[in-house]
Amino acid sequence: MNIIWLGHSCILIEGKDKIIVDPFLSGNPITKKKADEIDVDIVAVTHGHGDHFGDAIEIAKRGATFVAIHEIAQYASRKGVEAIGMNIGGSIVVGKTKITMVPAFHSSGIEETNFSFSGGDPAGFVINSEKIIYHAGDTCLFSDMKLIGELYAPQIAFLPIGDRYTMGPREAAIAASWIKADITIPIHYNTFPIIKQDANEFKKMAEEKGLKVKILNPGEGIEM
Ligand code: NI
Ligand code: MN
């Protein structure tokens, strides 16, 4: 299977089902991929912020199942997509994929012109589709990441390292050591100047803890 990083927090999983997580493509300065090129079975969104929710509605309207926390799923279904709501700690099966929602410490408003809606709580996902993939969403470091590592034993972990809105490299290296995935991939950095980071700094700190880190360029993937 292929797992491709489309820049920022957006990953495309090509396993038993095709899944896109956090499809922020329009307006994303580091991706070349356009929303109308994306044809997937599942669109999963970690929280309401525009750099995650992105083109989710447009992509889901082309026949994908939209998955998010209850409040965001309700919002999406009002926009005319087939949405499945869930909440933190729960799992669902969509197609051949099992999706578990796990905690993230962040915020989750949905912004529209002149309006702001509550998007419930922010979340991360453990996605079991051939391989077990952890997408942390936007979050700080929290010690229950140890539990996520123990309970779900993810093989691949995508962790934000951009700082300011999420963990920075130092915290993310500790997160990686608690999750203990076979491969850890840094995300949510260098999209904008305010989250500029040196991914090699993260790589070095994580490798000192005995972990394997792969730094991808936007559009690049790993084959597992
Ligand atoms: Ni956010
Ligand atoms: Mn974000």
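These figures come from a predicted structure and were not determined experimentally.

Caption draft 1: Molecular detail of helix H4 (residues 145-152). Regarding H4, the residues found buried are Met145, Ile148 and Gly149. One side of H4 carries all its buried residues, which in axial view fall inside an arc of 100 degrees. Exposed positions of H4 whose direction lies more than 90 degrees from the buried face are Glu150 and Leu151. Buried residues along H4 sit against strand S8 (97-103), strand S11 (123-129), strand S12 (131-135) and helix H5 (169-179). Positive backbone phi, at 40 degrees, marks Ala153, one or two positions downstream of H4.

Caption draft 2: View of the pattern of salt bridges. Summed over the entire model, instances satisfying the criterion amount to 6 salt bridges. Across the pair Lys204 and Glu208 runs a salt bridge, and its minimum N-O distance is 3.7 Å. Of this pair, Lys204 and Glu208 both sit in helix H6 (residues 199-208), 4 residues apart, which is roughly one turn of the helix. The burial state of Lys204 is the same as that of Glu208; both residues are exposed.

Caption draft 3: Local environment of the coordination of the manganese ion (ligand 2). Coordination sphere of the manganese ion (ligand 2), protein contribution only: Asp51 (OD), His52 (NE2), Asp138 (OD) and His188 (NE2), at 2.1 to 2.2 Å. Every donor residue of the manganese ion (ligand 2) comes from the same chain, spaced as D-H-x85-D-x49-H. A distance of 3.2 Å spans the gap from the manganese ion (ligand 2) to the nickel ion (ligand 1), which Asp138 bridges by coordinating each metal. Judged by relative accessible area, Asp51 falls into the buried class, the value being 19%.

Caption draft 4: View of the coordination of the nickel ion (ligand 1). Coordination of the nickel ion (ligand 1) by the protein involves His47 (NE2), His49 (ND1), His106 (NE2) and Asp138 (OD), with metal-donor separations of 2.2 to 2.3 Å. Here the nickel ion (ligand 1) binds 4 donor atoms, and the angle range of 87 to 177 degrees at the metal identifies the geometry as irregular. Counting along the primary sequence, the residues that act as donors to the nickel ion (ligand 1) give the motif H-x1-H-x56-H-x31-D. When its relative accessible area of 25% is taken as the criterion, His106 is described as partly exposed.

Procedures and definitions
- Residues numbered from 1 in each chain as written.
- Chains lettered and ligands numbered in written order.
- Predicted model: local features only at pLDDT ≥ 70, side-chain atom pairs only at ≥ 80, totals over all residues.
- Heavy atoms only, no water.
- Buried < 20%, exposed > 50% of the residue type's maximum accessible area, 1.4 Å probe, protein only.
- Helix = DSSP H or I, 4+ residues; strand = E, 2+ residues; numbered from the N terminus.
- Arc of directions from axis to C-beta.
- Contact = heavy atoms within 4.5 Å.
- Salt bridge = Lys/Arg side-chain N within 4 Å of Asp/Glu carboxyl O.
- Donors = N, O, S within 2.8 Å, 3.2 Å for Na, K, Ca; no water.
- Tetrahedral: all angles 85-135°; square planar, octahedral: opposite > 155°, others 65-115°.

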